[in-house]
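Below are the chains, spelled out letter by letter.
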Amino acid sequence: MVEISNHMPTAELQALDAAHHMHPFSTQSGFLKKGARVITRAEGVHLWDSEGEKILDAMAGLWCVNIGYGREELAQAAYRQMKELPYYNTFFQTTHVPVIALSNRLAELAPGDLNHVFYAGSGSEANDTNLRMVRFYWAQKGKPEKNIIISRKNAYHGSTLGAMSLGGMSGMHAQGGVVQNVHHIDQPNWWSEGGDMSPEDFGLERAQQLEKAIQELGENRVAAFIAEPIQGAGGVIVPPSTYWPEIKRICDKYEILLIADEVICGFGRTGNWFGSETVGIQPHIMTIAKGLSSGYAPIGGSIVCDEVAEVVGGDEFNHGYTYAGHPVSCAVALENLRILDEERIIATARDEIAPYLKEKFESLTGHPMVGEAKIVGHMGSIALTPNKATRAKFAAEAGTVGYLVRERCFANNLIMRHVGDRMIISPPLIFTKENVDTLIERAWKSLDEGMANAKAQGVFTAA
Ligand SMILES: *Cc1c(COP(=O)(O)O)cnc(C)c1O
């Protein structure tokens, strides 16, 4: 057995990685040609790689490291919990203190009567729970035929079969098929799909698709509507201001459940504890993960309102994960929530940094290739275009130019991702104004270089 450590040459680590580690959402064969960047440590808002490069992480890992890297308190919480009780399940009339404490804390933080938590190991698992839970709920109420879930195209709800089916990513649906009775309506993406409509009219039209779908499918068939308050992995799509009030009106009018997928929006990302508060909705179920533990330990869950919890609790719900309410993850999450609260991280991010970040981020529309810039709290995106006036798409396959810009960001030691031809950010909530300045400086440079490369490759042309 080879001993593999941080001190090995990068190329050797990359070759071993490519040989034995299958990467998610990647073309594996590509790693044989071009190795993965080896990340060796992190502190605050920065990562370091095996070549000693210091990288600004404007994605907070995968939208999750809300309090930033390197917090000793979280390591201590995990260590203490591992020594005291590293694992126990909560299946058969047992419980433990970390899960009791975290559930009580989440019930305090979550809006309205969202007072009950069903745990999972991840956001995907939590959405699988939701899929089964809302169907079980209606079956318990004597309406088993109320089992269709309405979602949105280009939504992301996770990668397991159930969560992926709820999601609206066609590339995922095409690989391996989907579960039945999930219906997708269009997303409120004005930039790409709004045509000649004003953003306000477009937002209404997209929201009213929910009402049309309920009427066409039959109110007696529709169990729930699921949506991210602001779509994240779909490209940080900030809906027009008219969208959520209209969705709320429709959800109030018909007898369906509303599931807010807060996996990204939760825990401060949009300026409040939950994105539902930011967009003004009161869901029946919220999906949580990512920022719940700031990514320090895997944990997800569903926060469920009183009525749904009561109905579901009336009979045995044949569902549960071995690691649901894992004591170490619960202890880490609790410590994370304590820090977010006591250090006023969410309030500071919202009141002191977000306005500055918004101003600077929106200034990127001064770049010749940037059409719109949209940002709420600490999640934002810019649309790349060869023609701002017409909001034209590139002639090349979607994502070709986005990838060229991302490559330059990576080379310039900035983690900023692309989704198709949108560039997205989701920085840790501890970002300072100085971090914002560095972000904008490197983003601008990368846009320049990406545009030059696109021109050199002949892909900077309108469709
Ligand atoms: C990441 C994500 C998920 C899936 O969470 P995992 O922990 O990766 O399973 C679900 N919903 C949304 C909105 C997400 O961004």
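These numbers come from a predicted model, not from an experiment.

## Comments concerning the packing of helix H10 (residues 199-217) against helix H11 (residues 243-253)
- At their nearest, the axes of H10 and H11 sit 8 Å apart, and the two run at 15 degrees to each other. Of the possible angle classes, the one that applies to H10 and H11 is roughly parallel. As for the relative orientation of H10 and H11, their crossing is right-handed in sense. Of the residues in H11, those touching H10 at Gly-203, Leu-204, Arg-206, Ala-207, Gln-208, Leu-210, Glu-211 and Ile-214 are Tyr-243, Glu-246, Ile-247, Arg-249, Ile-250, Cys-251 and Lys-253.
- A per-class count over the contact of H10 with H11 returns 8 nonpolar, 2 polar and 5 charged.

## Overview of the nonpolar core
- Ranked by size, the top nonpolar core spans 76 residues in total, and within it Leu-106 and Phe-225 carry the most contacts.
- Split by domain, this core shows at least three residues from each of two domains, domain 1 (37-70 + 344-456) and domain 2 (73-342).
- Filtering out sequence-adjacent residues up to four positions away, Leu-106 remains in contact with Val-117, Tyr-119, Phe-267, Ile-288, Leu-292, Ile-303 and Leu-337.
- Ranked by size, the runner-up nonpolar core spans 33 residues in total, among them Ala-373, Cys-409, Leu-414 and Met-416.

## Some thoughts on the domain arrangement of the protein chain
- Taken domain by domain, the protein chain consists of domain 1 (37-70 + 344-456) and domain 2 (73-342).
- Relative to domain 2, the C-alpha centre of domain 1 lies at a distance of 26 Å.
- With 37 residues of domain 1 in contact, the opposing surface of domain 2 contributes 37 residues.
- Together domain 1 and domain 2 conceal approximately 2900 Å² of surface at their shared face, both sides included; 62% is due to carbon and sulfur atoms.
- At the surface where domain 1 touches domain 2, the tally comes to 0 salt bridges.
- Summed over the shared surface of domain 1 and domain 2, the number is 21 residue pairs in polar contact (both at pLDDT 80 or more).
- At the level of elements, helix H3 (60-63), helix H15 (345-362), strand S11 (370-376), strand S12 (379-384) and strand S15 (422-425) are the ones that each hand at least two residues to the side of domain 1 that touches domain 2.

## Some details on helix H17 (residues 433-456)
- Over its 24 residues, H17 runs 34 Å from end to end, which matches the ideal 34 Å to within 8%, given 1.5 Å per residue.
- Here H17 has its buried residues at Asn-435, Val-436, Leu-439, Ile-440, Ala-443, Ser-446, Leu-447, Gly-450, Met-451 and Ala-454.
- Backbone geometry just downstream of H17 places Gly-458 in the positive-phi region, at approximately 75 degrees.

## Focus on the pattern of salt bridges
- This structure, assessed with the given rule, holds 22 salt bridges.
- With a shortest N-O distance of 2.8 Å, Arg-71 and Glu-73 are connected by a salt bridge.
- A relative accessible area of 17% places Arg-71 in the buried class.
- Given the relative accessible area of 26%, Glu-73 is considered partly exposed.
- Where Glu-307 meets Lys-141, a salt bridge forms, and the shortest distance between an N and an O atom there is 3.0 Å. Here Glu-307, found in helix H13 (residues 306-312), pairs with Lys-141, found in the loop between helix H6 (123-140) and strand S5 (148-152); they are 166 residues apart in sequence, far enough to count as distant.
- Relative accessible area serves as the criterion here: at 34%, Glu-307 is assigned to the partly exposed category.

How each quantity is defined
Residues numbered from 1 in each chain as written. Predicted model: local features only at pLDDT ≥ 70, side-chain atom pairs only at ≥ 80, totals over all residues. Heavy atoms only, no water. Axes fitted to C-alpha atoms, helices over the stretch in contact; angles between N-to-C directions. Helix = DSSP H or I, 4+ residues; strand = E, 2+ residues; numbered from the N terminus. Parallel < 35°, antiparallel > 145°, perpendicular 65-115°, else oblique. Left-handed = near helix turned anticlockwise from the far one by under 90°. Contact = heavy atoms within 4.5 Å. Nonpolar A, V, L, I, M, F, W, Y, C, P; charged D, E, K, R; others polar. Core = buried A, V, L, I, M, F, W, Y, C linked by side-chain atoms within 4.5 Å. Buried < 20%, exposed > 50% of the residue type's maximum accessible area, 1.4 Å probe, protein only. Domains from an automatic or database assignment. Buried area = accessible area lost by both parts, 1.4 Å probe. Salt bridge = Lys/Arg side-chain N within 4 Å of Asp/Glu carboxyl O. Polar contact = N/O pair within 3.5 Å; in protein donor to acceptor, adjacent residues only side chain to side chain. Expected span 1.5 Å × (residues − 1).

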